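The primary structure of each chain is shown beneath.
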Amino acid sequence: MKSTKKQKEWLLLPLCIFLFMALLTGCGKQENRNVEPEPEIETKAPADKDDVKTRKEETSDPDQDKSPRKLSEEELAALEHVERIEITDIVTGYTTYAYAPVGTEVYEEGFCLYDEHGLSYDAAVYNVEDIDELYACLDYHIDLDMEYGWEMDTEFETRIYENVHIGNVMENGDDRYVIATAENPDSQGSISQCRKIFYLELQSDSVAVIWSLEMSEWSTDEETDLIIDDMEKCYGIDLDPIRSTGSYYAEQEASFEQTQDEYVPREGHNVLAGIDGYQYLGLGTLAYYNGEADCPVMVPMGYDVWFDSDDYVTSSLHGVDVTATISIVGMQGFNTEIPREIRSKQDFYNGYEKAHHVITGETIPLTDFDAALYTIIECDMDYTDDLTLHRVLIFSYILIKEGYVLEYKVELYPEKFDDSTNTVLKELEDAYGFDLSDYYYKRKK
């Protein structure tokens with residue numbers, strides 16, 4: 001999954017925190033958070049003090065297993081979603097190991113990052129004067145993360161977190177960890193849970209790895225819990241408190257079913273009007289730059305309509321997405337340029353590495369218009385390594401006036417079809433002359 005601009009911005013947060021702390025000689029002699037043992041969690045016995053002090057010396061030998069957790073090779077090989085990574089303190093050059101989700105990026109600056117499957121992970125090595133300062137580093141790390149993470153106001157957006165709760169410090173042998181939770185409401189008011197563990201893994205009485213793992217419920221998938229399962233095996237703690245409850249998706253689905261048919265024009269957007277005889281299609285007008293060309297357009301009218309530009313509108317309803325825009329025809333005119341454009345679309349999907357089992361249909365005239373053509377392309381589209389979905393794309397071009405066409409694209413998402421989908425499809429057929437009968441929704445028995 002490629003990172004968006006927003007995701008990239010959040011990936012910089014651990015780096016900023018780490019570099020800021022690296023400038024300090026220590027984390028400060030501040031009072032630690034209340035330490036509360038977790039009786040329900042099976043913790044490892046505290047390491048012998050002499051063993052803790054000599055662990056750094058032992059791991060300085062490159063032939064020694066420097067893993068802070070003594071998983072057997074068999075146990076390590078059994079992990080499918082977590083791997084052992086090498087991480088180095090940028091200040092002292094001290095190198096040790098930590099466990100992290102498979103695919104975690106390790107940077108030479110002394111930290112590592114991961115952001116997939118609704119989980120964000122970061123880790124860094126901390127090397128200070130004594131064990132008390134290490135434990136204070138955990139407090140300081142949490143404070144910085146809360147201030148610049150869950151409470152950060154950026155030029156891109158304000159992060160809205162409600163009901164923030166930071167738990168007490170829990171013991172796991174010599175290690176310490178804290179779990180924080182919050183609620184992040186979306187624009188429709190649905191609540192997405194954000195849950196995060198901050199974990200200090202003691203390496204010696206002056207060195208520790210501090211890592212954190214945050215679950216954002218709105219972007220979790222079937223891989224999320226599998227990664228958390230493996231992290232539990234590595235560290236011997238119960239990570240149920242950072243798992244998704246699934247309530248967000250259930251609420252989203254129920255809310256979407258209730259609201260997707262409700263059309264409320266967004267502030268500042270052009271407005272669609274209802275049409276007699278149509279249940280789902282609405283009527284608007286597209287206009288090209290400076291009014292050089294304009295035409296009526298009919299698109300599904302529901303909650304998800306974006307009509308904030310005079311020459312472009314998009315909408316989505318019951319698994320049917322429509323995009324309409326006005327474009328200029330090339331110098332050779334409609335009868336030459338549009339068939340060429342259709343062939344270009346077909347060639348693209350035939351050669352697109354993420355499109356499989358591509359079926360390109362014929363170029364068909366729309367007889368209700370003076371000059372109009374459409375074609376249908378079907379394929380199975382890869383969205384992630386583990387997710388492939390069937391897609392049906394209808395590309396149509398309708399001549400408005402000499403030199404200008406209405407580009408009208410319909411994309412079908414069969415996995416979103418429901419009992420209302422066929423009505424939407426039949427209204428599109430009636431409005432524009434497509435034949436979509438091969439794609440009608442058939443209720444599963």
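Model, not experiment: these values are computed from the prediction. (Residues numbered from 1 in each chain as written. Predicted model: local features only at pLDDT ≥ 70, side-chain atom pairs only at ≥ 80, totals over all residues. Heavy atoms only, no water.)

Undergrad: Now, about the pairing of strand β10 (residues 207-216): what can you tell me, with residues and values included?
TA: With 10 of its 10 residues buried, β10 lies for the most part within the structure. Here β10 shows two buried faces, one formed by Val207, Val209, Trp211, Leu213 and Met215 and the other by Ala208, Ile210, Ser212, Glu214 and Ser216. Pairing geometry for strand β5 (residues 119-127) and β10, over nine bridges, is antiparallel. Its bridge partner lying in β10, Leu119 is registered against Met215. Between strand β9 (residues 191-202) and the antiparallel strand that follows it, β10, lie four residues. (Buried < 20%, exposed > 50% of the residue type's maximum accessible area, 1.4 Å probe, protein only. Helix = DSSP H or I, 4+ residues; strand = E, 2+ residues; numbered from the N terminus. Pairing = 2+ DSSP bridges.)

Undergrad: Before we move on, could you go through the pattern of salt bridges and cite the residues and values that matter?
TA: By the definition in use, this model includes 12 salt bridges. Where Lys196 meets Asp145, a salt bridge forms, and the shortest distance between an N and an O atom there is 2.9 Å. Highlighted residues: Lys196 in strand β9 and Asp145 in helix α4 (residues 131-150), separated in sequence by 51 residues. Residue Asp145 is classed as buried on the basis of its relative accessible area, which comes to 2%. Across the pair Arg391 and Glu415 runs a salt bridge, and its minimum N-O distance is 2.9 Å. Of this pair, Arg391 sits in strand β20 (residues 387-401) while Glu415 is found in the loop between β21 (404-412) and α8 (421-432), placing the two residues 24 residues apart along the sequence. Residue Arg391 is classed as buried on the basis of its relative accessible area, which comes to 2%. Each member of the salt-bridge network shares a partner with another, and the members are Asp225, Asp229, Glu232, Asp240 and Arg243. (Salt bridge = Lys/Arg side-chain N within 4 Å of Asp/Glu carboxyl O.)

Undergrad: With reference to specific residues and values, describe the sheet that holds strand β12 (residues 281-287).
TA: Taken in spatial order, the three strands line up as β11-β12-β13 in an open sheet, and their pairing is antiparallel. The open sheet has two free edges, formed respectively by β11 (273-274) and β13 (294-300), since each of these has just one partner strand. As judged from the two bridges shared by β11 and β12, these two strands associate in the antiparallel manner. Pairing of Gly274 across the sheet is with Gly282, part of β12.

Undergrad: Run through the packing of aromatic side chains, naming residues and quoting values.
TA: For the structure shown, the criterion picks out 16 aromatic pairs. On the basis of an interplanar angle of 80° and a centroid distance of 6.0 Å, the ring pair of Tyr99 and Tyr235 is categorised as edge-to-face. Of this pair, Tyr99 sits in strand β2 (residues 95-101) while Tyr235 is found in helix α5 (residues 224-235), placing the two residues 136 residues apart along the sequence. With respect to burial, Tyr99 and Tyr235 carry one shared label: buried. An angle of 20° between the planes, with centres 6.2 Å apart, marks the rings of Phe369 and Tyr432 as stacked. Taken together, the residues span a long stretch of sequence, with Phe369 in the loop between β18 (364-365) and β19 (372-384) and Tyr432 in helix α8 at a distance of 63 residues. A residue is classified by how much of its surface remains accessible, and Phe369, at 27% relative accessible area, is partly exposed. (Phe/Tyr/Trp six-rings, centres within 6.5 Å; stacked < 30°, edge-to-face > 60°.)

Undergrad: I'd love a proper account of the side chain of Glu337, names of residues and values included.
TA: On the secondary structure map, Glu337 appears in helix α7 (residues 334-351). A relative accessible area of 18% means that Glu337 is categorised as buried. Not counting chain neighbours up to four residues away, the residues in contact with Glu337 comprise Val329, Gly330, Met331 and Gln332. (Contact = heavy atoms within 4.5 Å.)

Undergrad: Describe unusual backbone geometry, and please don't skip the residues or the numbers.
TA: Phi angles above zero are rare outside glycine, and His117 is one such case at about 55°. Even without being glycine, His357 reaches a positive phi, approximately 50°. Position of His357 relative to the elements: it lies in strand β17 (residues 355-360).

Undergrad: I'd like a description of a negative patch on the surface, backed by residues and values.
TA: A surface patch of negative charge is lined by Asp221, Glu222, Asp385 and Asp386. Residue position: Glu222 is located in the loop between β10 and α5. (Patch = residues over 30% accessible without salt bridge, like charges linked within 9 Å, V, L, I, M, F, W, Y side chains within 5 Å. Areas by Shrake-Rupley, 256 points an atom, 1.4 Å probe, with all protein chains shown as cover. Lys, Arg positive; Asp, Glu negative; His and termini not counted. Charge placed at Lys NZ, Arg CZ, Asp CG, Glu CD.)

Undergrad: Which residues make up α5, and what values do they have?
TA: The end-to-end C-alpha distance of α5, which contains 12 residues, comes to 17 Å, matching closely the 16 Å that a straight helix rising 1.5 Å per residue would cover. If you check which residues of α5 are buried, you get Thr224, Ile227, Ile228, Asp230, Met231, Glu232, Cys234 and Tyr235. Where α5 ends, the next residue or the one after it, Gly236, has phi of about 65°, a positive value. (Expected span 1.5 Å × (residues − 1).)

Undergrad: A description of α7 should follow, citing residues and the corresponding values.
TA: Compared with the 26 Å implied by 1.5 Å per residue over 18 residues, the 25 Å span of α7 between its first and last C-alpha is a close match. By the burial criterion, the buried members of α7 are Phe334, Glu337, Ile338, Pro339, Ile342, Gln346 and Tyr349. Against the buried residues of α7 lie β17, β19, β20 and β21.

Undergrad: With reference to specific residues and values, describe the confidence of the model for the protein.
TA: Counting all residues, the mean pLDDT for the protein is 81, and 77% of those residues have values of 70 or more. Below pLDDT 50 for its whole length, residues 22-26 participates in five contacts with residues either more than four positions away or in separate chains. (pLDDT = per-residue confidence, 0-100.)

Undergrad: So what about the pairing of β9? Which residues, and what values?
TA: Of all the 12 residues making up β9, 11 are buried; the element is thus mostly covered by neighbouring parts of the structure. As paired elements, strand β8 (residues 175-185) and β9 share 10 bridges and run antiparallel to each other. Each bridged residue has a counterpart across the sheet, and for Tyr177 the counterpart in β9 is Tyr199. By the bridge criterion, nine bridges tie β9 to β10 in an arrangement that is antiparallel. The residue of β10 that forms the bridge with Glu201 is Val209.

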